[in-house]
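Chain residues, written in single-letter form:
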Amino acid sequence: MKILLAIIFIIIIVLCYIRFAKPNASNWHVDPELVAQNDLRNSFLNNSKSGNFSYYAVSIRDLYLKLHEISEAEKCQRVFGNIDEGLITFVCRSRFWGFPDYISISFKEHETGKSSLSVFSRSRFGVYDFGKNKKRMKKWLQQLKSNIDQLKLNNLVIYSLIYPPPFAYILS
């Protein structure tokens, strides 16, 4: 009985450490553009060197706001950085055990009026995450693209209501 209680006590201590351990900014607040390659099985990297890089026809601030909405919907929290420095790190936790995944995102404004982001998502504990980081980030990037497409469509509708095309008067 004492052995069982000792094992349960150790498990509780480990789970508390996993849930409440403070992250170190020097380890987890990393610019994804500075990551040359990703050989980790518990992570996902999308930067200008990875080949899956995307540009968005919105400002950095709009890009961040849309991404922030997506992260809040998954109950992720910003732990480091801000939009003014162009680098933000979120932590997302697994539902039951609370294992943390750190997601560092850097934003860049381009001269063409477009912006881009680089993402490095990785697990703090363990060597394999069953593809969770990759699935999450592909989902986030797809939602981001969809949200931005909807934002552009809404702006087009508002613009056309304010400035109707000249042929609209002919049709009415």
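Quick caveat, the model's predicted, so the values are computed rather than measured. (Residues numbered from 1 in each chain as written. Predicted model: local features only at pLDDT ≥ 70, side-chain atom pairs only at ≥ 80, totals over all residues. Heavy atoms only, no water.)

(A) Layout of the packing of aromatic side chains. Summed over the entire model, instances satisfying the criterion amount to 4 aromatic pairs. Where tyrosine 17 meets phenylalanine 125, the ring centres are 6.0 Å apart and the plane angle is 65°; that geometry is what we call edge-to-face. Residue tyrosine 17 is found in helix α1 (residues 2-20), and its partner phenylalanine 125 is found in the loop between β6 (115-123) and α4 (132-162); the two are separated by 108 residues along the sequence. The exposure class of tyrosine 17 is partly exposed, given its relative accessible area of 47%. A relative accessible area of 27% places phenylalanine 125 in the partly exposed class. Taken together, a centroid distance of 4.8 Å and an interplanar angle of 25° make the contact between tryptophan 28 and tyrosine 102 stacked. Taken together, the residues tryptophan 28 in helix α2 (residues 25-28) and tyrosine 102 in strand β5 (residues 100-109) connect sequence positions 74 residues apart. (Phe/Tyr/Trp six-rings, centres within 6.5 Å; stacked < 30°, edge-to-face > 60°. Helix = DSSP H or I, 4+ residues; strand = E, 2+ residues; numbered from the N terminus. Buried < 20%, exposed > 50% of the residue type's maximum accessible area, 1.4 Å probe, protein only.)

(B) Just the state of the cysteines, in detail. All chains considered together, the criterion is met by 1 disulfide. Residue pairing for cysteine 76: its cysteine sulfur links by disulfide to cysteine 92, the two sulfurs lying 1.8 Å apart. Of note, the bridge from cysteine 76 to cysteine 92 carries an S-S torsion of about 110° and is right-handed in sense. Residue cysteine 76 is located in the loop between α3 (60-73) and β3 (77-82), and its partner cysteine 92 is located in strand β4 (residues 87-93); the two are separated by 16 residues in the primary sequence. Neither residue differs from the other here; cysteine 76 and cysteine 92 are each classed as buried. (Disulfide = S-S within 2.5 Å.)

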